[in-house]
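Take a look at the letters that make up each chain.
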Amino acid sequence: MNDCIFCKIIKREIPADFIYENDKIVAFLDIHPSNPGHALVVPKAHFTDLVETPDDVLADIMSRTKKIAPAIMNAVGADGFNSIFNTKPAAGQVIFHTHMHIIPRFKNDGLKHWPEKDLSKEEMRKIKDQIRAELR
Ligand code: 5GP
Ligand code: ZN
């Protein structure tokens, strides 16, 4: 995966502000933070996105996020955080090496949450049935 920016960061071929590292995971600050302390938790092995990532690697990402996110909150004085995987370009994924965003949140920081949509009961029922059929 020679052209992957995150693989290059992990191999120290390009610089980053590392905040954590173990044998399987690194975490470093996002170069374009949504808030101060915005960090990315990244497996050392290259996988394209969440769905392609083995369960044990995802478990490592989650268990590390549980430790790293409160440390970030304390360090920057945040009141909460969002932890997000963007998956596929339609969802805003631009780096195709699995990563969890940790975005510290501050009361009244002005970041917007998802807009709400109103769907009819019939649309909701149809969607529910389609998803349940996919999961069978
Ligand atoms: P995505 O949209 O793929 O979920 O998020 C990719 C994130 O990686 C973006 O928030 C972007 O700012 C960050 N990013 C992209 N290139 C670099 C880089 O070279 N260094 C660092 N530290 N972050 C990067
Ligand atoms: Zn990679």
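Calculation notes
Residues numbered from 1 in each chain as written. Chains lettered and ligands numbered in written order. Predicted model: local features only at pLDDT ≥ 70, side-chain atom pairs only at ≥ 80, totals over all residues. Heavy atoms only, no water. Donors = N, O, S within 2.8 Å, 3.2 Å for Na, K, Ca; no water. Tetrahedral: all angles 85-135°; square planar, octahedral: opposite > 155°, others 65-115°. Helix = DSSP H or I, 4+ residues; strand = E, 2+ residues; numbered from the N terminus. Buried < 20%, exposed > 50% of the residue type's maximum accessible area, 1.4 Å probe, protein only. Salt bridge = Lys/Arg side-chain N within 4 Å of Asp/Glu carboxyl O.

*Asks:* Would you take a moment to explain the coordination of the zinc ion (ligand 2) for this structure?
*Replies:* Working reference: metal with six octahedral donors, ideal angles 90 or 180 degrees; metal with four tetrahedral donors, ideal angle 109.5 degrees. Only Cys-4 (SG), Cys-7 (SG), His-46 (ND1) and His-97 (ND1) from the protein reach the zinc ion (ligand 2) as donors, at distances of 2.0 to 2.3 Å. If you look at the zinc ion (ligand 2), its 4 donor atoms make angles of 102 to 118° with each other, and the shape they trace is tetrahedral. Read N to C, the donor residues that coordinate the zinc ion (ligand 2) are spaced as C-x2-C-x38-H-x50-H. Highlighted residues: His-46 in the loop between β3 (39-43) and α2 (55-76) and His-97 in the loop between β4 (80-84) and β5 (100-105), separated in sequence by 51 residues. Given a relative accessible area of 23%, His-46 falls into the partly exposed group.

*Asks:* For this particular structure, what's the right way to read the pattern of salt bridges?
*Replies:* A side chain with one charge may pair with a side chain of the opposite charge, provided their charged atoms come close. Following the criterion strictly, the structure yields 10 salt bridges and no others. One salt bridge connects Glu-122 with Arg-125, and the closest N-O pair in it is separated by 3.0 Å. On the criterion of helical spacing, the pair formed by Glu-122 and Arg-125 is a turn pair, its members being 3 residues apart in helix α3 (residues 121-135). By relative accessible area, which is 40% here, Arg-125 ends up partly exposed. The partner of Arg-125 in a salt bridge is Asp-129, with the nearest N and O atoms 2.8 Å apart. Of the two residues, Arg-125 and Asp-129 both sit in helix α3, 4 residues apart, roughly one turn of that helix. Put simply, Glu-122, Arg-125, Lys-128 and Asp-129 are held in one network by salt bridges that share partners.

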